[in-house]
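Here are the chains, one letter per residue:
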Amino acid sequence: LYKQQGDYKKAEEAFIKLVEVNGSEAESYLKLAELYAAGYIGTIEDAKRILGQGILKTNSEGLKVILDK
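Residues numbered from 1 in each chain as written. Predicted model: local features only at pLDDT ≥ 70, side-chain atom pairs only at ≥ 80, totals over all residues. Heavy atoms only, no water.

A. Representation of the overall build of the protein. Scanning the protein from terminus to terminus reveals 5 helices and 0 strands. For the protein, the α and β elements follow one another from N to C terminus as α-α-α-α-α. A compact globule built from 69 residues should have a C-alpha radius of gyration of about 11 Å, and the protein, at 11 Å, falls within 12% of that. Projected onto its principal axes, the C-alpha coordinates of the protein cover approximately 30 × 25 × 15 Å. The 69 residues of the protein split such that 30% are buried. Sequence-distant contacts in the protein: of pairs separated by 6 or more residues, those separated by 24 or more amount to 36%. Of the accessible surface of the protein, which amounts to about 4,500 Å², a share of 52% is contributed by carbon and sulfur atoms. (Helix = DSSP H or I, 4+ residues; strand = E, 2+ residues; numbered from the N terminus. Rg over C-alpha atoms; globule rule 2.2 N^0.38 Å. Buried < 20%, exposed > 50% of the residue type's maximum accessible area, 1.4 Å probe, protein only. Contact = heavy atoms within 4.5 Å. Areas by Shrake-Rupley, 256 points an atom, 1.4 Å probe, with all protein chains shown as cover.)

B. Focus on the nonpolar core. Within the largest apolar cluster, 15 residues are counted, with the highest numbers of intra-cluster contacts made by Leu32, Leu35, Tyr36, Ile50 and Leu63. Every element with two or more residues in this core is listed here: α2 (8-21), α3 (26-37) and α4 (44-58). Element by element, the count of residues in this core is highest for α3, at 6 residues. Not counting residues within four places of it along the chain, the set of residues in contact with Leu63 comprises Ala26, Tyr29, Leu30, Leu51, Gly54, Ile55 and Thr58. (Core = buried A, V, L, I, M, F, W, Y, C linked by side-chain atoms within 4.5 Å.)

C. A look at the packing of α2 against α3. Orientation of α2 relative to α3, taken along the N-to-C sense of each, is 155 degrees, at an axis distance of 8 Å. If you check the angle between α2 and α3, you find them roughly antiparallel. Note on packing geometry: the crossing formed by α2 with α3 is left-handed. Residues Tyr8, Ala11, Glu12, Phe15, Ile16, Leu18 and Val19 of α2 form the contact with α3, whose participating residues are Ser28, Tyr29, Lys31, Leu32, Leu35 and Tyr36. (Axes fitted to C-alpha atoms, helices over the stretch in contact; angles between N-to-C directions. Parallel < 35°, antiparallel > 145°, perpendicular 65-115°, else oblique. Left-handed = near helix turned anticlockwise from the far one by under 90°.)

D. Structural context of unusual backbone geometry. Unlike most non-glycine residues, Asn59 shows phi in positive territory, near 55 degrees. In this structure, Asn59 sits in the loop between α4 and α5 (61-68).

E. Spatial organisation of the packing of aromatic side chains. Throughout the structure, instances matching the rule amount to 1 aromatic pair. Relative to Tyr40, the ring of Tyr8 has its centre 4.3 Å away and its plane inclined at 10 degrees; by these criteria the two rings are stacked. With Tyr8 in helix α2 and Tyr40 in the loop between α3 and α4, this residue pair connects regions lying 32 residues apart in the sequence. Residue Tyr8 is classed as partly exposed on the basis of its relative accessible area, which comes to 24%. What makes Tyr40 partly exposed here is its relative accessible area of 40%. (Phe/Tyr/Trp six-rings, centres within 6.5 Å; stacked < 30°, edge-to-face > 60°.)

Here is the structure:
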């Protein structure tokens, strides 16, 4: 909702909390990485970092494919 409203700082905070609470779910990391990759807040390097963390926590092949792209 925050992302749709253009409040990217609050969106980032919400996605970070989602990752903290739901750290075993790859989708949580993907949503935060998408926010960074889109340039709304953060950078591509931030997106890569969060995807890397997600891979370590979830061992998700999907996240690995996205990071490689």
